[in-house]
Amino acid sequence: MPRMVCMDCGAVEYESTTLHGMLVKMMPHYLAHHHDVIAGEAQEPRETWMSRFTVAYKAAEAEEAKL
């Protein structure tokens, strides 16, 4: 199952079999610790963050496939 750490602080790690599932698992952490990203107040647009997240999740899937 793919595993990811928080891209913004690395403080938490989650695993999920789907991109959507990973977003759902990370949401409470982002609401509590990175609310600026959720609120769209971060330096980068939410779309840029989502693109980074998608790339990171696909990399986690590829890494999992190697095991």
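One can find the structure itself at the top, above this paragraph.
Figured I'd write up the structure that's included with this text. (Residues numbered from 1 in each chain as written. Predicted model: local features only at pLDDT ≥ 70, side-chain atom pairs only at ≥ 80, totals over all residues. Heavy atoms only, no water.)

Attention shifts here to the nonpolar core. Within the largest apolar cluster, ten residues are counted, these being Met4, Cys6, Met22, Met26, Tyr30, Val37, Trp49, Phe53, Tyr57 and Ala60. Breaking this core down by element, the ones donating at least two residues are α1 (19-33) and α3 (46-66). Tallying contributions element by element places α3 first for this core, with four residues. Those residues in contact with Met22, other than ones at most four positions away along the chain, are Pro2, Arg3, Met4, Tyr14, Glu15, Ser16, Phe53 and Tyr57. (Core = buried A, V, L, I, M, F, W, Y, C linked by side-chain atoms within 4.5 Å. Buried < 20%, exposed > 50% of the residue type's maximum accessible area, 1.4 Å probe, protein only. Helix = DSSP H or I, 4+ residues; strand = E, 2+ residues; numbered from the N terminus. Contact = heavy atoms within 4.5 Å.)

Before going further, it helps to spend a moment on the packing of aromatic side chains. Counting across every chain of the model gives two aromatic pairs. Their ring planes at 70° and their centres at 5.2 Å tell us that Tyr30 and Trp49 sit as a pair that is edge-to-face. Taken as a pair, Tyr30 in helix α1 and Trp49 in helix α3 lie far apart in primary sequence, 19 residues in all. Taken individually, Tyr30 and Trp49 each receive the classification buried, so the pair is uniform in this respect. Plain terms: the ring middles of Trp49 and Phe53 are 5.1 Å apart, the flat faces sit at 20° to each other, and that makes the pair stacked. In this pair, Trp49 and Phe53 both sit in helix α3, four residues apart, roughly one turn of the helix. Using a relative accessible area of 10% as the deciding quantity, one classes Trp49 as buried. Of the residues examined, Phe53 reaches a relative accessible area of 0% and is grouped as buried. Ring pairs connect the aromatic residues Tyr30, Trp49 and Phe53, which therefore count as one cluster. (Phe/Tyr/Trp six-rings, centres within 6.5 Å; stacked < 30°, edge-to-face > 60°.)

What follows is about the pattern of salt bridges. Summed over the entire model, instances satisfying the criterion amount to four salt bridges. Here Glu15 and Arg3 are joined by a salt bridge, their closest N and O atoms 2.9 Å apart. Placement of the pair is Glu15 in strand β2 (residues 13-15) and Arg3 in strand β1 (residues 3-5), with a sequence separation of twelve residues. Arg3 sits in the partly exposed class, given a relative accessible area of 48%. Of the charged contacts, one joins Glu63 and Lys66 as a salt bridge, the two residues approaching to 3.7 Å between their closest N and O atoms. (Salt bridge = Lys/Arg side-chain N within 4 Å of Asp/Glu carboxyl O.)

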